[in-house]
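Residues per chain, in single letters:
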Amino acid sequence: MGIAPIVAIPKLLQQYGLKKEDVNVWEINEAFVSQFAYCVEKLDLPMDKVNPNGGSVALAHPLGMTGVRLLATGLAELKRRDEDILCTSGMGAAALYINERRD
């Protein structure tokens, strides 16, 4: 579960015909810093795009709120950057959020 993003993220991107470079913001669960660091290193993600406003460790990782935290902070960051693609990963899964409406 902790290092599942290294499997889940490439599978998700392949399923939708995307590359890592297409993703504007990455929100990866970092309940344990060691697993987070391992995933970022193995996926070779640019740190300026990963959890740009801090992650679970910085925010005290409230119990049961991982998905909400990943989505809320990721979508807010996409809006701030005026970009379109967010990839979240945690608990053995990965998800893409794509802004199809440009408001």
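Residues numbered from 1 in each chain as written. Predicted model: local features only at pLDDT ≥ 70, side-chain atom pairs only at ≥ 80, totals over all residues. Heavy atoms only, no water.

Draft legend 1. Representation of the overall build of the protein within the structure. Along the protein, the regular secondary structure elements total three helices and three strands. The contacts of the protein with a sequence gap of at least 6 include a subset with a gap of at least 24, amounting to 61%. For the protein, the computed accessible surface area is about 6,200 Å², with 58% contributed by carbon and sulfur atoms. (Helix = DSSP H or I, 4+ residues; strand = E, 2+ residues; numbered from the N terminus. Contact = heavy atoms within 4.5 Å. Areas by Shrake-Rupley, 256 points an atom, 1.4 Å probe, with all protein chains shown as cover.)

Draft legend 2. Looking closely at the environment of V40. Relative to the helices and strands, V40 resides in helix α2 (residues 33-43). As for V40 and I3, which are separated by 37 residues in sequence, their C-alpha atoms are 9.7 Å apart. Among residues more than four places away in sequence, those in contact with V40 are L45, M47 and V50.

Draft legend 3. Here's a closer look at the sheet that holds strand β1 (residues 25-28). The three strands are arranged β1-β2-β3 in an open sheet whose pairing can be described as mixed. This sheet does not close on itself; its edge strands, each paired only once, are β1 and β3 (93-98). Strand-to-strand, the axes of this sheet are offset by a mean angle of 15°, without reference to chain direction. The strands touched by helix α1 (residues 5-15) within the sheet are β1, β2 (85-90) and β3, with β3 carrying the most contacts at an inclination of about 40°. (Pairing = 2+ DSSP bridges. Axes fitted to C-alpha atoms, helices over the stretch in contact; angles between N-to-C directions.)

Draft legend 4. Broad picture of the pairing of β3. Alignment of β2 against β3, held across six bridges, turns out to be antiparallel. From the neighbouring strand, S89 faces β3, where its bridge partner is A94. Counting the residues in the hairpin turn of β2 and β3 gives two residues, including M91, whose phi is positive at 55°.

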